[in-house]
Amino acid sequence: MLKKILLFIVVIVLLWLAIALVRVRIFSHRAGAIIRSTVPFERAGKSTQKILILGDSLAYGTGTSAPAKSVAGLVASNYPDATVVNKSVNGKRTPELAKEVEDLNEKYDLILIIIGGNDILRPWLSLNDSGKNLDAIYTAASKHATKVVALTTGNLRYTTFFLWPLNYYFGARSIELRNHAVQTAATLPNVTYIDLVTRNKTVPFDHLKESPDHLHLSDDGANYWYQAIVDSKAL
């Protein structure tokens, strides 16, 4: 009887692994296609106002149908005459951005930062180190901008990318990095952290607000993030 139970458990685990691997392969293939087709939002302005976009694929706009519908594009719509420079890169992590911000030498009216998701997705990376990187990033940005708007990600527990129980693990990592970000932003008067991890447990990561790869934002998802920024009065 015990052998039958153990065999049943092994079969279930192997089935789970097979399904998980197939899903990851399918979603990763979709992500590659989305990344190749995405162009970040940038604009030559008509005024002296300048906006800098920094971060990962969510700052780049990956997953949305057009640059103007990305989080960066929607935020820039509040500054219609401003020059917008987008230096975000798909796959960028906090240590890379921490080094990049050391070289900032201009003053901006607004810096939008979306970073941290790729740290969360890599279990071998220490989020304590990521938190230190966020401290360096936010501090450096605050010296080069009138306003800094910072985001990490939503709560990955609720993305359909991950099967149970992995979704709970990555949800916990989302909260851990969010806590680091909140703590750092609280010490910098011109930095506003937009808390999308605890703002609403079911969005932006539900089937209506994810892109087809289930990790990036659709147009609806980007608009939700933008509305969160507007509601915070950070702009």
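Computed from a predicted structure; not experimentally measured. (Residues numbered from 1 in each chain as written. Predicted model: local features only at pLDDT ≥ 70, side-chain atom pairs only at ≥ 80, totals over all residues. Heavy atoms only, no water.)

J.: What am I meant to see in the packing of aromatic side chains here?
T.: Both the distance between ring centres and the angle between the ring planes are used here to describe each pair of aromatic rings. In the structure shown here, the tally under the stated rule is 1 aromatic pair. Summarising the aromatic geometry, the rings of Tyr169 and Phe170 are spaced 5.0 Å apart at their centres and angled 75° between planes, so their arrangement reads as edge-to-face. Lying over the aromatic face of Tyr108, Lys50 brings its terminal NZ or CZ to 5.4 Å of the ring centre. (Phe/Tyr/Trp six-rings, centres within 6.5 Å; stacked < 30°, edge-to-face > 60°. Lys NZ or Arg CZ within 6 Å of the ring centre and 35° of its normal.)

J.: Any chance you could explain unusual backbone geometry here in plain terms?
T.: Generally, phi is negative for residues other than glycine and the peptide bonds are trans, each holding for most cases. Its identity as a non-glycine residue notwithstanding, Lys233 has a phi of 60°, on the positive side. Topologically, Lys233 is positioned in the segment after α8 (219–231). Exposure remark for Lys233: the relative accessible area of 74% places this residue in the exposed category. (Helix = DSSP H or I, 4+ residues; strand = E, 2+ residues; numbered from the N terminus. Buried < 20%, exposed > 50% of the residue type's maximum accessible area, 1.4 Å probe, protein only.)

J.: Honestly, α8 in this entry has me stumped. Any pointers?
T.: Owing to its 3.6 residues per turn, the α-helix brings residues three or four apart onto one side. For α8, built from 13 residues, the straight-helix expectation of 18 Å at 1.5 Å per residue is met to within 8% by its first-to-last C-alpha distance of 18 Å. Every buried residue belonging to α8 is among Gly221, Ala222, Tyr224, Trp225, Tyr226, Ala228 and Ile229, and all of these are buried. Packing partners of the buried residues in α8 comprise α2 (57–60), α3 (71–76), β3 (108–114) and β4 (145–151). Looking one or two residues beyond α8, the residue adopting positive phi is Lys233, at roughly 60°. (Expected span 1.5 Å × (residues − 1). Contact = heavy atoms within 4.5 Å.)

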